[in-house]
Amino acid sequence: MRRRQLHHLQLDLFPFLSVLACTLGTLILLVVVISASSLGRERTNVQILARENAQNSERTPRYLECRREGVILHPQRVLVKTADLAKPTSVLGRLLANLSRRRDREYIIIAVRPDGFECFEEVRHQAEQAGVALGYEPFNAEWELCVPAPGRSNCP
């Protein structure tokens, strides 16, 4: 008799599985909505930060931005045209000469725009010849580089 009773008892998991499926569907929908809204937002001001555990953590970064038309020195926003990059008397040449003398205290971080790769190759070559340490970061064409003021770690 007992065997017949055990045989007739069955556990129905349908309500549990339907609640679980609805919960998973809701969570997936929530993830998709949040992801789509964050992708739609445009990041205009972007700051390149030096990593705290980086090799150059005791040095002060100098920021450059490589574009098709040349390299922009920040925070002054001085443009050195592509034709003048190789001239040792250009603003870039003087900056690299100064940084070469202060290589234990300063280094270069370069933001590389999609159209500025050739400019970056020239700047990197010159910096390596001068013995200046450098770091670089690919930079989206729509972003605007935000460079902190001297003595500050973040942009305003």
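Above: the structure in question.
First, a word on scope: everything that follows refers to the structure included in this document. (Residues numbered from 1 in each chain as written. Predicted model: local features only at pLDDT ≥ 70, side-chain atom pairs only at ≥ 80, totals over all residues. Heavy atoms only, no water.)

1. Regarding the nonpolar core
- In this structure, Leu64, Val71, Leu92, Ile108, Ile110 and Val123 are the most contacted members of the largest nonpolar core, which totals 19 residues.
- Ranked by residue count, the leading element in this core is helix H4 (residues 117-130), at five residues.
- In terms of nonpolar packing, the next biggest core, distinct from the first, is built from seven residues, Tyr107, Ile109, Phe139 and Val147 among them. (Core = buried A, V, L, I, M, F, W, Y, C linked by side-chain atoms within 4.5 Å. Buried < 20%, exposed > 50% of the residue type's maximum accessible area, 1.4 Å probe, protein only. Helix = DSSP H or I, 4+ residues; strand = E, 2+ residues; numbered from the N terminus.)

2. Here we look at the packing of aromatic side chains
- Counted under the stated rule, the structure contains three aromatic pairs.
- Ring centres of Phe139 and Trp143 lie 5.5 Å apart, and the angle between their planes is 85 degrees; this geometry places the pair in the edge-to-face category.
- Relative accessible area serves as the criterion here: at 22%, Trp143 is assigned to the partly exposed category. (Phe/Tyr/Trp six-rings, centres within 6.5 Å; stacked < 30°, edge-to-face > 60°.)

3. Considerations on unusual backbone geometry
- Cis peptide bonds are those with omega within 30 degrees of zero, and the linkage from His74 to Pro75 qualifies with 5 degrees.
- With a phi close to 60 degrees, Arg77 is a non-glycine residue in the positive phi region.
- Its place among the elements puts Arg77 in the loop between strand S3 (70-73) and strand S4 (78-81).

4. Some remarks on the pattern of salt bridges
- By the definition in use, this model includes eight salt bridges.
- Put simply, Arg67 and Glu65 hold a salt bridge, and the shortest N to O gap is 2.8 Å.
- Relative accessible area serves as the criterion here: at 24%, Arg67 is assigned to the partly exposed category.
- Note on Glu65: relative accessible area 1%, which makes it buried.
- The partner of Asp84 in a salt bridge is Lys87, and the shortest N-O contact between them spans 3.0 Å.
- Residue classification places Lys87 among the partly exposed residues on the basis of a relative accessible area of 43%.
- When salt bridges that share partners are traced, they join Arg62, Arg102 and Glu106 into one network. (Salt bridge = Lys/Arg side-chain N within 4 Å of Asp/Glu carboxyl O.)

In short, geometric facts, not functional conclusions.
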